[in-house]
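Okay, here's what each chain looks like letter by letter:
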Amino acid sequence: MTEIRRDFHQQLDDVQRDMVRVAARVIDSIMRGTHALLDHDLVTAQAVIDGDDEIDALTIELEERLFMMLALQQPVARDLRSIVAAIRLTSEIERSGDLMVNVAKSTRRLYGADIPAPLRVLLLAMAEEATRLFGLAMDSYADGNAALGNALDDLDDRLDQLHREYIKTIVQLDANEIDIQMIVQLGLVGRYYERIGDHAVNIGERVGYIVTGWMPENTGAARVAARGRHPDPNAGTDRPAPSDDDQPAAEPPEPAP
């Protein structure tokens, strides 16, 4: 391996290490933000909000390093996939941090409100599951474990189920005993955790792409390509294909003069 290639792979390793460190900040913010919400802790909530500025700055720095490597090193094959996927990962990490900022801001909007006990239990369960999923996603990235990355889609079912149960519990609340604005805000908070799980799944898919060169979206792209090769003659119309019975009857021959 040439000195240039060794330097390139060292840079790539450094980016991966720093990516994991930034993600660790997001993972830490999930539980901190959740406890701030449940405990009406405005100081911790503000710390989560302020900490997101550092996450944003670090992800921008990572993107700039990755773009520079892409421009100067002209990587191919897995090296190219690693850089392209890492650029996407910065977005997944940064957006997950933003979601916890939304939870922290909800702490201010719900300050002093008594969150019903069943919702408190479910909020804590969703936070723990989101933390677990995001941690597994970054483990798969750090280890280049495509099997773990691809498994996250199934593992996310648990968080989705908790979210459905959470929404069902909100719907069953007595509107006469709880403020409607509080109900709306609590509904949004549940969605934030569910979306963090989705970002974890996306990270896992990108790890699979780095290792195998295949993305789940490629299946849909393959179907589009197949339709292009064999276009549907009935595309764009609500009418079924005409049958023989739909054809107009032949006109009778004109009588002989």
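The model shown is predicted, which means the values in this text are computed figures rather than measured ones.

Draft legend 1. Representation of the side chain of Ser96. By the element assignment, Ser96 lies in helix 3 (residues 77-109). A relative accessible area of 0% means that Ser96 is categorised as buried. For Ser96, the side chain forms a polar contact with the main-chain oxygen of Glu92, separated by 2.8 Å. In contact with Ser96, not counting residues within four places along its chain, are Val26, Phe134, Ile196 and His199.

Draft legend 2. Region of interest: the packing of helix 5 (residues 146-155) against helix 7 (residues 180-212). For the pair helix 5 and helix 7, interaxial distance at closest approach is 7 Å and the crossing angle is 145°. Here the hand of the crossing between helix 5 and helix 7 comes out left-handed. Mapping the contact onto sequence places Ala146, Gly149, Asn150, Leu152 and Asp153 in helix 5 and Ala200, Val201, Gly204, Glu205, Val207, Gly208 and Val211 in helix 7. Within the contact of helix 5 with helix 7, the residues separate by chemical class into six nonpolar, four polar and two charged.

Draft legend 3. Spatial organisation of helix 4 (residues 117-143). Taking 1.5 Å of rise per residue, the 27 residues of helix 4 would be expected to cover 39 Å, and the 39 Å separating its terminal C-alpha atoms lies within 8% of that figure. Immediately beyond the C-terminal end of helix 4, within one or two residues, lies Gly144, with a positive phi of roughly 60°.

Draft legend 4. Structural context of the pattern of salt bridges. Counted under the stated rule, the structure contains nine salt bridges. Between Asp28 and Arg32 there is a salt bridge, with the nearest N and O atoms lying 3.7 Å from each other. Here the residue Asp28 and the residue Arg32 both occupy positions in helix 1 (residues 3-39), the gap between them amounting to four residues, near one helical turn. A salt bridge links Arg195 to Asp198; the nearest nitrogen and oxygen atoms lie 2.9 Å apart.

Here is what the cut-offs are and how they apply
Residues numbered from 1 in each chain as written. Predicted model: local features only at pLDDT ≥ 70, side-chain atom pairs only at ≥ 80, totals over all residues. Heavy atoms only, no water. Helix = DSSP H or I, 4+ residues; strand = E, 2+ residues; numbered from the N terminus. Buried < 20%, exposed > 50% of the residue type's maximum accessible area, 1.4 Å probe, protein only. Polar contact = N/O pair within 3.5 Å; in protein donor to acceptor, adjacent residues only side chain to side chain. Contact = heavy atoms within 4.5 Å. Axes fitted to C-alpha atoms, helices over the stretch in contact; angles between N-to-C directions. Left-handed = near helix turned anticlockwise from the far one by under 90°. Nonpolar A, V, L, I, M, F, W, Y, C, P; charged D, E, K, R; others polar. Expected span 1.5 Å × (residues − 1). Salt bridge = Lys/Arg side-chain N within 4 Å of Asp/Glu carboxyl O.

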